[in-house]
Number of protein chains: 2
Amino acid sequence: MSRPTFSDFKQEALGELEVREEYLALSATYDLRKKLIALRQKAGLTQQQLATVLHTQKSNISRLENVNSAISPKLSTIEQYAHAVGHEVKIEFIPKNHT
Amino acid sequence: MSRPTFSDFKQEALGELEVREEYLALSATYDLRKKLIALRQKAGLTQQQLATVLHTQKSNISRLENVNSAISPKLSTIEQYAHAVGHEVKIEFIPKNHT
DNA sequence: ATGTGGGTTATCTTAATTGATAACTAAAGA
DNA sequence: TCTTTAGTTATCAATTAAGATAACCCACAT
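Residues numbered from 1 in each chain as written. Chains lettered and ligands numbered in written order. Predicted model: local features only at pLDDT ≥ 70, side-chain atom pairs only at ≥ 80, totals over all residues. Heavy atoms only, no water.

Draft legend 1. Region of interest: the pattern of salt bridges. Counted by the stated rule, this structure contains four salt bridges over all chains. Between A:Arg40 and A:Glu65 there is a salt bridge; the shortest N-O distance is 2.6 Å. Remark: A:Glu65 occurs in helix H4 (residues 58-65) and A:Arg40 occurs in helix H2 (residues 17-42); sequence separation between them is 25 residues. Of the two residues, A:Arg40 and A:Glu65, both sit in the buried class. As a salt-bridge pair, B:Lys35 and B:Asp31 come within 3.4 Å of each other at their nearest N and O atoms. On the criterion of helical spacing, the pair formed by B:Lys35 and B:Asp31 is a turn pair, its members being four residues apart in helix H2 (residues 17-42). (Salt bridge = Lys/Arg side-chain N within 4 Å of Asp/Glu carboxyl O. Helix = DSSP H or I, 4+ residues; strand = E, 2+ residues; numbered from the N terminus. Buried < 20%, exposed > 50% of the residue type's maximum accessible area, 1.4 Å probe, protein only.)

Draft legend 2. View of the protein's contact with DNA strand D. As a matter of local geometry, DNA strand D sits amid 20 residues, with A:Gln47, A:Ser59, A:Asn66, B:Ser59 and B:Thr77 nearest to it. Within 4 Å of the protein, the contacting atoms of DNA strand D are 59% sugar and phosphate, with bases supplying the remainder. One of the side-chain nitrogen or oxygen atoms of A:Ser62 is found 2.8 Å away from a phosphate oxygen of DNA strand D. Measuring from a phosphate oxygen of DNA strand D, one finds a backbone N or O atom of B:Lys74 at 3.0 Å. Elements supplying a minimum of two residues to the surface near DNA strand D: H4 of chain A together with helix H4 (58-65) of chain B. Split into classes, the residues belonging to the surface near DNA strand D amount to two nonpolar, 13 polar and five charged. (Near = heavy atom within 4 Å. Polar contact = N/O pair within 3.5 Å; in protein donor to acceptor, adjacent residues only side chain to side chain. Nonpolar A, V, L, I, M, F, W, Y, C, P; charged D, E, K, R; others polar.)

Draft legend 3. Quick look at the interface of chain A and chain B. Across the contact, 29 residues belong to chain A and 29 residues belong to chain B. The junction of chain A with chain B conceals about 3,000 Å² of combined surface from both sides, 61% of it contributed by carbon and sulfur atoms. Run the count over chain A and chain B and you get zero salt bridges. Joining chain A to chain B, the criterion identifies 12 residue pairs in polar contact (both at pLDDT 80 or more). Residue assignment for the side of chain A that touches chain B shows that the elements contributing at least two residues are H2, helix H5 (75-84) and strand S1 (87-95) of chain A. Counted by class, the side of chain A that touches chain B contains 15 nonpolar, six polar and eight charged residues. Two strands pair when backbone bridges link them, and S1(A) and strand S1 (residues 87-95) of chain B are joined in this way by nine bridges, in the antiparallel orientation. (Contact = heavy atoms within 4.5 Å. Buried area = accessible area lost by both parts, 1.4 Å probe. Pairing = 2+ DSSP bridges.)

Draft legend 4. Quick peek at the protein's contact with DNA strand C. Within the structure, DNA strand C sits among 20 residues, and A:Ser72, A:Lys74, A:Thr77, B:Gln47 and B:Asn66 are positioned closest to it. At the protein interface, 56% of the atoms of DNA strand C within 4 Å belong to sugar or phosphate. A distance of 2.9 Å is found between a phosphate oxygen of DNA strand C and a side-chain nitrogen or oxygen belonging to A:Gln57. Between DNA strand C and A:Asn60, the relevant distance is 3.3 Å, taken from a base nitrogen to a side-chain nitrogen or oxygen of the residue. Broken down by secondary-structure element, the contributors of at least two residues to the surface near DNA strand C are H4 of chain A together with H4 of chain B. Residues that form the surface near DNA strand C fall into these classes: two nonpolar, 13 polar and five charged.

Draft legend 5. Layout of the environment of B:Ile94. If you trace the backbone, B:Ile94 turns up in strand S1. With a relative accessible area of 37%, B:Ile94 lands in the partly exposed category.

Draft legend 6. Quick peek at helix H5 (residues 75-84) of chain B. All names here are of chain B. Of all the 10 residues making up H5, seven are buried; the element is thus mostly covered by neighbouring parts of the structure. Among all positions in H5, only Leu75, Ser76, Ile78, Glu79, Tyr81, Ala82 and His83 are buried. The positive-phi residue at the C-terminal boundary of H5 is Gly86, with phi of around 75°.

In structure tokens:
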């Protein structure tokens, strides 16, 4: 095992308290982006088509969906996207096991 | 019945198409704020205490929780709040009945 | 009456997201 | 090969959320 795996990074990151918050936040947005892409594709829309519906540009749609982008989208942005692909947004809060 | 009720406003607002999206967005954030307050209270924290945990000010917490505020919070903001009260954020997409 | 604690509102500043345009890659077809 | 389509990336301007400070209200207690 030469190069560090994602799991390695994960372990090291969780070491520091402040980094942990960041990690969890990233994982949540990562999950979100995957869902957004799936919704769009299921709706049979391209980024360009969705952009047109939302009166914006395809580059902005790409930025929103792209995992590499460092942005944390506004709730309203997520909602507009969801509505455009025929869905409502529901936010749930799951209790954490605080050891 | 002299003054208009919220229900009246709702009906009138739904009349126009562009306003409808806005209404749905508002209702979602309204729902969110109620949940946030409930989580904080269940955690036994005041706005001041939560603000301290998040290294911010109680006025900012109030703005986030307050229904009247016109802001649409960032996903990361919601997550930080949730983590501080011992919860994880999960976003779900509910299919709409497109008549 | 005075003070304290919890929450709200207003305002300014700062930081970040979003809008918009353009240039680019990669894949698929004609 | 040339073209088109889908998606990415970079950049800058414009909008907006978040940080910070201060003043305020209200309930409650001493």
